[in-house]
Amino acid sequence: MVTELLGLARRLERRRHDLSGGEKQRVGIGRALLAAPRLLPSAFLALAAFAILNLLLARTIFAWLERWLARRRTREILGILFLLVIIGIQFIGPLMGLYGNHRAKRDVPVPPFATELLPAERALPPGLAAETIARAEQGHFGVALGALALHCAVGGVIFWLLDMRLRAQYQGESLSESAAPAALREKARPARLGWALPGISGPVAAVVEKELRYLSRSGPMLFTLVMPVVVLLIFRLAPANAPREHNALAHHAEFAFPAGVAYALLILSNLIYNNFGADARGIQFFFLSPVRFREIVLAKNLAHAAVLGLEIFLVWIAASVMFGGPPLGIMLATLAAALFGGLVNFLGGNLMSLYAPKKYDFAVLGRQRAAGTTVLANLAVQVVVIGLAGATLVVATRYGQLWIATLIFLALAAIAFAGYTIVLRRIDALALARRESLIADLCRA
């Protein structure tokens, strides 16, 4: 073993002498120490300073994140940035498939901006650590000490930021968002009127406003609602010459709009089948308010229908830009199918929201597991909807007329609307009979 290590050190020493000045810096630290043991003091100082700087930086980041996350506004900003990072990760595969083959076929030159950024990299802590070792190897000890001193100065700035945060924390800093009573009296504002929606009563409009405000303030929910457009973009970035089973939309671009609408409805079903999950203890106010329960359920359905309509519009824009505008026949058939699927999901969702509710938090990205009964009911409804839609498309394709599918979907939507109306009329009695279990499930800690 000792003989092998000595042979490896001799080979690295010969390679180090053969390398040019720029290539020497690409030799790893461990290899450099084996090839030149005299670098041990400078490498020890540089790596020790770099390790301490990393520890201070990690502790500073977490300390300031704790401070920023204590306020709602910064929580929302950081949540949006986090969701953007998650969405950006989804594009790594398509971009690698799109540009990886081109780079493998020919030697792509380094972009000019990359070479311009290299001097800036040397001013950062990793570059300063490498500069310290490289200059010490060349015998320029003054430059090496200067790079090490600059490295320590960066660490001092990070330590100062950490000290500022910890000093405020241990001196009793309050992270509460509530203002002082005097400040509240000074900032008192007149009450704002609620939304006045045409053709909708006041109580229904109030619940619609509440639902839409809940959704607009939830980063995780906005993340799930924009995913249909993101999925279409991922398919668009996939290589056009990929196999049919890997990128079906590249070979059948006219089905991009139906696929996006189906995915949007599937995601929205998580909200539809648990209408009262976000209300939690507030469900008690619904029973105390002088409003029929059917109006509350209708308002929630209208809010979800508005979100679905907005998603369909965004999917249509995305499909038109990325894959070309969908044909008129496919667009009309898709809208009729979305009407049918939405009504069926509203019907099943209203029932399951009363029989199997579960409390959840809009601000939490994970751990939003629906009840097992709700999951099974949702799956059964989706199987029925997809089965009927598939059978309708088969009939329309056989006769070569898409307008047949549109008529069939409209007829199915009329049947679903009749069932939805019947359930909505009986929702008051169902809510009254289930009020104790409903309140117990949603008020559970």
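Residues numbered from 1 in each chain as written. Predicted model: local features only at pLDDT ≥ 70, side-chain atom pairs only at ≥ 80, totals over all residues. Heavy atoms only, no water.

### With respect to the side chain of Arg165
Here is the rule we go by: The helix and strand labels rest on DSSP assignments: H or I over at least four residues marks a helix, E over at least two residues marks a strand, and numbering proceeds from the N terminus. Partly exposed describes any residue whose relative accessible area lies between the buried limit of under 20% and the exposed limit of over 50%, with all areas from a 1.4 Å probe on protein chains only and scaled to the type maximum. Contact between two residues is taken to exist if any of their heavy atoms lie within 4.5 Å; hydrogens are not considered.
You can see Arg165 is positioned in helix H9 (residues 141–170). Taking relative accessible area as the criterion, Arg165 reaches 4% and is therefore assigned buried. Residues in contact with Arg165, not counting those within four places in the same chain, are Ala63, Trp64, Arg67 and Glu173.

### A few points about the confidence of the model for the protein
Keep this limit in mind: pLDDT: the predictor's confidence for each residue, scored from 0 to 100.
Of all residues in the protein, 75% have pLDDT values of 70 or greater, and the mean over the chain is 77. Per-residue pLDDT stays below 50 along residues 1–9; that stretch engages in three contacts with residues further than four places along the chain or on separate chains. Between residues 19–27, whose pLDDT stays under 50, and residues either more than four places distant or in other chains, the model counts six contacts.

### Section: the packing of aromatic side chains
This is how the line gets drawn: Only centres within 6.5 Å qualify two rings of Phe, Tyr or Trp (six-membered ring in Trp) as a pair; their planes then separate them into stacked at under 30 degrees, edge-to-face at over 60, and tilted for everything else. Two conditions define a charge located above a ring, namely a distance within 6 Å from the ring centre to NZ of Lys or CZ of Arg, and an angle within 35 degrees of the ring normal.
Throughout the structure, instances matching the rule amount to four aromatic pairs. With a centroid separation of 5.4 Å and an interplanar angle of 40°, the aromatic rings of Phe276 and Phe293 are classed as tilted. Taken together, the positions of Phe276 in the loop between helix H14 (256–272) and helix H15 (283–288) and Phe293 in helix H16 (residues 293–323) put the pair 17 residues apart, joining distant regions of the chain. Relative accessible area serves as the criterion here: at 1%, Phe276 is assigned to the buried category. Among the residues examined, Phe293 registers a relative accessible area of 6% and is labelled buried. Following the ring pairs from residue to residue traces out a cluster consisting of Phe276, Phe286, Phe287 and Phe293. Over the ring of Tyr214 we find Lys210, and its NZ or CZ is 4.9 Å from the ring centre.

### Some words on the packing of helix H8 (residues 125–137) against H9
Selection rule: Here, axes are lines fitted to C-alpha atoms. For helices the fit covers the stretch in contact, and angles between N-to-C directions go from 0 to 180 degrees. By the definition adopted for this analysis, an angle is roughly parallel if under 35 degrees, roughly antiparallel if over 145, roughly perpendicular if from 65 to 115, and oblique otherwise. Two helices cross in a left-handed way if the nearer one is turned anticlockwise from the farther one by less than a right angle. They cross in a right-handed way if the turn is clockwise. Gly is placed with the polar residues, together with every amino acid not listed as nonpolar (Ala, Val, Leu, Ile, Met, Phe, Trp, Tyr, Cys and Pro) or charged (Asp, Glu, Lys and Arg).
The geometry of H8 relative to H9 is characterised by a closest axis approach of 8 Å and an angle of 160° between their N-to-C directions. Here H9 runs roughly antiparallel to H8, going by the angle between their axes. Where H8 crosses over H9, the two elements pack in a sense that is left-handed. Between H8 and H9, the contacting residues are Pro125, Leu128, Ala129, Glu131, Thr132, Arg135 and Ala136 on the first element and Phe141, Val143, Ala144, Ala147, Leu148, Leu150, His151 and Val154 on the second. Along the lines of polarity and charge, the residues of the contact of H8 with H9 split into 11 nonpolar, two polar and two charged.

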